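# Fold and geometry: a report
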Amino acid sequence: MQVDTLITGAAVITMDEDRRILRDGVIAVQGDRIVAVGPSEELARRYTADTTVSGEGFLATPGLVNGHAHITETLIRGFLPEDLPFDEELMEWVIPLYKGHDEAEQSLSAQLAVVAMLRTGTTTFIEAGTVIALDAVMEAIAPIGIRGRVGRWCEDRAWDRAADQTGMTETACAALDADCARWPDDGRRLSVWPNLIGHSTGTDALWQHASALAQREGLGVSAHMSPVLDDPAWYLEHEGKRPIVHLSEIGVLGPWLNLVHMVQIDEAELALVAASGTNVTHCPGAAIKCGFGTTRDGLFPEMDAAGVNLVLGTDGADSHDMVRAMALMAGLFKDGRKDRGLFPAAKVLEMATINGARALGLGETIGRLAPGYKADIVLHALDRPEWRPLNNPVNQLVWSASGASVHSVWVDGERVVEAYRCTKIDEGALYARAQVAAQQILSRSGLPAHGAWSAA
Ligand SMILES: [Zn+2]
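An account of the accompanying structure is given in this report. This is a predicted model, so every value here is computed, not measured.

### Quick notes on the overall build of the protein chain
Along the protein chain, the regular secondary structure elements total 16 helices and 17 strands. Taken over C-alpha atoms, the radius of gyration comes to 22 Å for the protein chain, in line with the 23 Å a tight globule of 456 residues would show. Reported as C-alpha extents along the three principal axes, the dimensions of the protein chain are approximately 75 × 50 × 45 Å. The burial tally for the protein chain puts 52% of its 456 residues in the buried class.

Next up, the structure:
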């Protein structure tokens, strides 16, 4: 049988129903789909291909799914102080810097984030709902070849009592409608979701509008909730109940919703999340850097036991490497609970693949290397010290490797990374432009350089 692409002789973590791992496998790709995955001895002679890629010395995995990524923060990475209280960092540093980017700078930042994701094996992401120049960013990243669901910065709470709350809500709802209509989920890799900032920034009407839009159009909603105790405190003060109880009562919990962080929830909220099929994305890198208290207070082992679909994300500017995020996730609760049985490597790899796919409503489409699934494939180079000897590819992917060993990536059967370089954007030119833009943004901000030592 003739196919477009054949990857031969690779070790393969399939993530299929049987969780098959092949020592010497073949992956056959026709168009944007995988048509066969199996041992070389069974398949090698059955297929001929226009392009045959030798997978010898490589491990193939499904493309990773990043359940929560801010893509317009990358130009300020390394600049944010790590020692300020979370609220102060957010209000005085992150948000002003964010909003201080012009359209071209946001586009550049997003391109850099997309390159960082593809280069470390992420083929699909859910953006955090914090893009301001939505159309410019979508146009800038679409040619690079990643799959993603992006949202515009969307909040409608009138903090000033004199403000026109009804008008603000109408404006926000109309923007969600227009964005989703302009970038529909019509089979292209990138589309727009009615994502919300979340926390306490959205009125009930906005949550309900986003939720109805998502259900009507087959989309999802992503929103931040309860990384620290501010959200529970706000909802208790203003609604007389905790946030997840309130969201349940207004009818917006469900399998289309992806709540992000969810570190400071209680048992009753956990039960509502589990019963409603709401997805939860944990961002372990952000949690530990920001001091959310995830190992002390987080109920992630309990959410897992209750059957909540747990997804992994990278969150902000520091790193978009999902392999790093997997290692953090695999370790946090072993240490915090003194229980080595929590979140084994195989489980966190499920979080980064099939669970992420499910949160996107793409559980039958991506997240596995199996016939009929999209050809979103990552080749990790094994000819590196962290991979040798190859004894257990799942354990070594999570505990020994990082995204730096990602050599090649296909999305929809198209090779978008080859020999450690993105094929559809000039990385060198991108890095040079990013350096210039970052210096301009930081100097415009008037914020001081922050850190223990100053550069000469
Ligand atoms: Zn976030």
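Right, picking up where we left off after that structure.
### Side note on the sheet that holds strand 10 (residues 221-225)
Ordered in space as 10-11-12-13, the four strands form an open sheet in which the pairing is parallel. Here the strands that pair on one side only, and so sit at the sheet edges, are strand 10 and strand 13 (310-312). Averaged over all adjacent pairs, the angle separating strand axes in this sheet is 30°, with direction ignored. Taken together, the three bridges between strand 11 (residues 257-261) and strand 12 (residues 279-282) define a ladder with parallel strand orientation. Its bridge partner being in strand 12, Leu259 is matched across the sheet by Val280.

### Re the packing of helix 13 (residues 322-336) against helix 14 (residues 345-359)
Viewed as axis vectors pointing N to C, helix 13 and helix 14 meet at an angle of 135°, and their least axial separation amounts to 9 Å. Taken together, the axis directions place helix 13 and helix 14 in an arrangement best described as oblique. Helix 13 and helix 14 meet at a crossing whose hand is right-handed. Between helix 13 and helix 14, the contacting residues are Met322, Met326, Met329 and Ala330 on the first element and Ala345, Val348, Leu349, Met351 and Ala352 on the second. Of the residues assigned to the contact of helix 13 with helix 14, the class counts are nine nonpolar, no polar and no charged.

### Describing helix 9 (residues 267-276)
Among the residues of helix 9, Glu269, Leu270 and Val273 are the ones counted as buried. Seen along its axis, helix 9 keeps its buried residues to an arc of 105°; they face one direction. Along its buried surface, helix 9 packs onto helix 8 (243-249), strand 12 and helix 12 (300-305). Just beyond helix 9, the residue with positive phi is Gly277, at close to 75°.

Thresholds, definitions, all that
Residues numbered from 1 in each chain as written. Predicted model: local features only at pLDDT ≥ 70, side-chain atom pairs only at ≥ 80, totals over all residues. Helix = DSSP H or I, 4+ residues; strand = E, 2+ residues; numbered from the N terminus. Rg over C-alpha atoms; globule rule 2.2 N^0.38 Å. Buried ≥ 20, exposed ≤ 12 C-beta atoms within 10 Å, placed from the backbone. Pairing = 2+ DSSP bridges. Axes fitted to C-alpha atoms, helices over the stretch in contact; angles between N-to-C directions. Parallel < 35°, antiparallel > 145°, perpendicular 65-115°, else oblique. Left-handed = near helix turned anticlockwise from the far one by under 90°. Contact = placed C-beta atoms within 7 Å. Nonpolar A, V, L, I, M, F, W, Y, C, P; charged D, E, K, R; others polar. Arc of directions from axis to C-beta.

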